[in-house]
Amino acid sequence: SPPQPIYLFPRMPQDYSLGIGESGFLNDAVQYMLSELSSIYFFPNFKINDIYNENTADAVRDFQKRNSINPTGRVNRETWDALAVQHNILVSNQ
C-alpha cells in the first residue's frame, strides 16, 4: 500500500494575505497545493517557482472564481482554507 500522506499546512494568520513578489514557506505551500490541484483544475501558465508571480496570481484567481471567492489573485485566509480543504480531500482519495 502507498505511504500515508502528511497534512502539514499551517493555519494562515487571520489578517495576512500573500501576493505578487512574495516568497517563503507560505508561497511554497500555495504553489504546491496549486500544483497538486492541477489534476482537477487546469492552470495553463502555472509553474512552481520561488516567487509568487503573475502566473501564480492568475491560477489563484481561477481557483477563487471556481470556488465563489472574490477573485483578487491574493491568497487570504478564505482562499488558503479553501485550497487546504480541497488539497487534503484530493490527497486522502489517492
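What comes next is a walk through the structure.

Helices and strands together make up the secondary structure of the protein, namely 3 helices and 0 strands. Listed by position from the N terminus, the elements making up the protein come as α-α-α. Residue burial in the protein is summarised as follows: out of 94 residues, 36% are buried. Long-range pairs, those at least 24 residues apart, make up 54% of the contacts in the protein with a sequence separation of at least 6. When the accessible area of the protein is evaluated, it comes to approximately 5600 Å², of which 53% is carbon and sulfur surface.

Orientation of helix 2 (residues 54-66) relative to helix 3 (residues 77-92), taken along the N-to-C sense of each, is 80°, at an axis distance of 11 Å. In terms of orientation, helix 2 and helix 3 fall into the roughly perpendicular class. Contacts from V60, F63 and Q64 in helix 2 reach T79, A82, L83 and Q86 in helix 3. For the contact of helix 2 with helix 3, the per-class residue count stands at 4 nonpolar, 3 polar and no charged.

Packing of helix 1 (residues 25-37) against helix 3 brings their axes to within 10 Å, and their N-to-C directions diverge by 50°. With respect to helix 3, the element helix 1 is oriented oblique. Crossing handedness for the pair helix 1 and helix 3: left-handed. Here L26, A29, V30, Y32, M33, L34, E36 and L37 of helix 1 come into contact with helix 3, specifically with W80, L83, A84, Q86, H87 and L90. Considered class by class, the residues forming the contact of helix 1 with helix 3 number 11 nonpolar, 2 polar and 1 charged.

Reading the values: rules and limits
Residues numbered from 1 in each chain as written. Predicted model: local features only at pLDDT ≥ 70, side-chain atom pairs only at ≥ 80, totals over all residues. Heavy atoms only, no water. Helix = DSSP H or I, 4+ residues; strand = E, 2+ residues; numbered from the N terminus. Buried < 20%, exposed > 50% of the residue type's maximum accessible area, 1.4 Å probe, protein only. Contact = heavy atoms within 4.5 Å. Areas by Shrake-Rupley, 256 points an atom, 1.4 Å probe, with all protein chains shown as cover. Axes fitted to C-alpha atoms, helices over the stretch in contact; angles between N-to-C directions. Parallel < 35°, antiparallel > 145°, perpendicular 65-115°, else oblique. Nonpolar A, V, L, I, M, F, W, Y, C, P; charged D, E, K, R; others polar. Left-handed = near helix turned anticlockwise from the far one by under 90°.

The analysis is restricted to geometry; functional conclusions fall outside its scope.
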